[in-house]
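Next come the chains, spelled out residue by residue.
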Amino acid sequence: MSAPSRWPEEARCVICVTVHMDGPAVEAGKGLNHLGIHSRGRYAARRGIPRSLEVLARHGIPATYFMCGYDAELYPGLMRDVHAAGHEIAAHGYRHEGWELGDEEVGLLERTHAILSDCVGEAPVGWCSPSGRKSAVTLPTLRRLGYVYDCSEKDEDLPYLASIGGAMAEDFIILPNNTVSLDDAPLYVQGQASAAEALANWLEELEAIAAGDGYLHFIIHPRAGYGSGTPARMAAADRFLAAAKAVPGVAFVTLKELAAHCLAQPGTWRSPRG
Ligand SMILES: [Zn+2]
């Protein structure tokens, strides 16, 4: 007899598909005009997000979309389209702040929270740091606002309870994304990979993770440039999702669903090594 599943739906492998919009907010955060090479974020709104919605709908896969407050102000209708398609809207900074924020941080977290909540009529409960920046006030502020997960960390294979204020929180979980080759941006930027090479990486990870711990966190950016918004790259993501669906015992869940599942039994998810 096989061991009981630790995942929702008694799955052997859980797959969380996340889409980081990274629209014009990225360039705005750097003080750039959205022109020429700096218009790649706008591609996410015009082409990449609709293309991703078509692929996910065809596969019947729910995803988590990480949105910046600035992008939601520019494209409120697009946010509502994503939400109406059944996907989770989660927070990803205001102008994709990857720099130290000091006294501004709490206000920016609150501002994006209010923008996204008002835009789609549902408050986000998940956050991913733009570029990995966090401070001592980040998680306490997110928890106060009602968030239950952060997926910024790359230090584990499995979810684990967060430490907040020096104590292990039983109401807030870290959902790590540790696998660099399951994130399109490093493959396409540092790796200079073709779409076929990126797909080959993803399929290798799928095989290994499905045979191992069974937690796969797949990240695409629907913008032009460093992301998967353009046709051949979105086709590679499409083929990956088709292959993942064909693996026996796989379940696709949003990060919000996975967080709720984990926090229903917090004792199972204590950090193994502190
Ligand atoms: Zn981002």
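This text gives an overview of the structure that appears in the document.

The rules behind the values
- Residues numbered from 1 in each chain as written.
- Predicted model: local features only at pLDDT ≥ 70, side-chain atom pairs only at ≥ 80, totals over all residues.
- Heavy atoms only, no water.
- Donors = N, O, S within 2.8 Å, 3.2 Å for Na, K, Ca; no water.
- Tetrahedral: all angles 85-135°; square planar, octahedral: opposite > 155°, others 65-115°.
- Phe/Tyr/Trp six-rings, centres within 6.5 Å; stacked < 30°, edge-to-face > 60°.
- Helix = DSSP H or I, 4+ residues; strand = E, 2+ residues; numbered from the N terminus.
- Buried < 20%, exposed > 50% of the residue type's maximum accessible area, 1.4 Å probe, protein only.
- Lys NZ or Arg CZ within 6 Å of the ring centre and 35° of its normal.
- Polar contact = N/O pair within 3.5 Å; in protein donor to acceptor, adjacent residues only side chain to side chain.
- Contact = heavy atoms within 4.5 Å.
- Expected span 1.5 Å × (residues − 1).
- Bend = angle between axes of the 7 residues up to and from the residue.
- Arc of directions from axis to C-beta.
- Core = buried A, V, L, I, M, F, W, Y, C linked by side-chain atoms within 4.5 Å.
- Salt bridge = Lys/Arg side-chain N within 4 Å of Asp/Glu carboxyl O.
- Axes fitted to C-alpha atoms, helices over the stretch in contact; angles between N-to-C directions.
- Parallel < 35°, antiparallel > 145°, perpendicular 65-115°, else oblique.
- Left-handed = near helix turned anticlockwise from the far one by under 90°.
- Nonpolar A, V, L, I, M, F, W, Y, C, P; charged D, E, K, R; others polar.

1. Quick notes on the coordination of the zinc ion
- For the zinc ion, the protein coordination sphere consists of D22 (OD), D22 (OD), H92 (NE2) and H96 (NE2), at 2.1 to 2.6 Å.
- Viewed at the metal, the four donor atoms of the zinc ion are separated by angles of 53 to 147°, and the geometry they form is irregular.
- Sequence positions of the residues that donate to the zinc ion give the spacing D-x69-H-x3-H.

2. Some remarks on the packing of aromatic side chains
- Summed over the entire model, instances satisfying the criterion amount to six aromatic pairs.
- Taking 6.0 Å as the distance between ring centres and 25° as the angle between the ring planes, the aromatic pair formed by W7 and Y215 counts as stacked. Placement of W7 in the segment before β1 (13–20) and of Y215 in strand β8 (residues 215–220) is noted, with a sequence separation of 208 residues between them. Taken individually, W7 and Y215 each receive the classification buried, so the pair is uniform in this respect.
- Taken together, a centroid distance of 4.5 Å and an interplanar angle of 40° make the contact between F218 and F240 tilted. Pair noted here: F218 is in strand β8 and F240 is in helix α9 (residues 231–245), with a separation of 22 residues, a long-range link.
- Each member of the aromatic cluster is reached from another via a ring pair, and the members are W7, Y215 and W269.
- The side chain of R111 reaches across the aromatic face of Y94, ending 4.0 Å from its centre.
- Of note, R233 hangs over the ring of Y188, and the distance from its end group to the ring centre comes to 3.8 Å.

3. Overview of the side chain of H217
- Looking at the element boundaries, H217 is found in strand β8.
- Its relative accessible area of 6% is what places H217 among the buried residues.
- A polar contact of 3.4 Å, which involves the side chain of H217, links it to the backbone oxygen of P176.
- Of the polar contacts made by the side chain of H217, one reaches the side chain of Y215; its length is 3.0 Å.
- Discounting chain neighbours no more than four positions away, the residues touching H217 are C16, T18, C151, L175, P176, N177, L182 and L255.

4. Observations regarding helix α2 (residues 40–59)
- Its 20 residues give α2 an end-to-end C-alpha distance of 26 Å, which sits within 8% of 28 Å, the value for a rise of 1.5 Å per residue.
- The largest bend in α2 comes to about 40°, at R47, with the proline P50 one to four residues further on.
- The complete set of buried residues in α2 reads G41, A44, A45, G48, I49, S52, L53, V55, L56 and H59.
- Buried residues along α2 sit against β1, α1 (25–29), β2 (63–67), α4 (76–84) and α9.
- Count one or two residues on from α2 and you reach G60, which has phi positive near 70°.

5. Let's talk about helix α10 (residues 255–263)
- Buried residues of α10: L255, L258, A259, C262 and L263, and no others. Seen from one end, α10 has its buried residues packed into an arc of 125°, which puts them on one side.

6. Overview of the nonpolar core
- Counting 65 residues, the largest nonpolar core has Y65, W202 and F218 as its most contacted members.
- Aside from chain neighbours lying at most four places away, what touches W202 is S181, L182, D184, L187, Y188, F218, S228, A236, A237 and F240.
- By size, the runner-up hydrophobic cluster in this structure holds 23 residues, among which are A11, L175, L258 and C262.

7. Here we look at the pattern of salt bridges
- Per the stated rule, a full pass over the model turns up 10 salt bridges.
- Taking the shortest distance from any N to any O, the salt bridge between D238 and R58 comes out at 2.8 Å. Pair noted here: D238 is in helix α9 and R58 is in helix α2, with a separation of 180 residues, a long-range link.
- The exposure class of R58 is partly exposed, given its relative accessible area of 45%.
- What emerges from the salt-bridge pattern is a single network uniting E54, R58 and D238.

8. Considerations on the packing of α2 against α9
- Between α2 and α9, the shortest axis-to-axis distance is 10 Å and the interhelical angle comes to 20°. As summarised for this structure, α2 and α9 are arranged roughly parallel, according to the angle between their axes. By crossing handedness, the relation of α2 to α9 is classed as right-handed. Facing α2, whose interface residues are Y43, G48, R51, S52, V55, L56, R58 and H59, α9 presents P231, M234, D238, L241, A242 and K245.
- Tallied by class, residues from the contact of α2 with α9 come to seven nonpolar, three polar and four charged.

Everything listed here is a matter of coordinates, which is why it stays silent on function.
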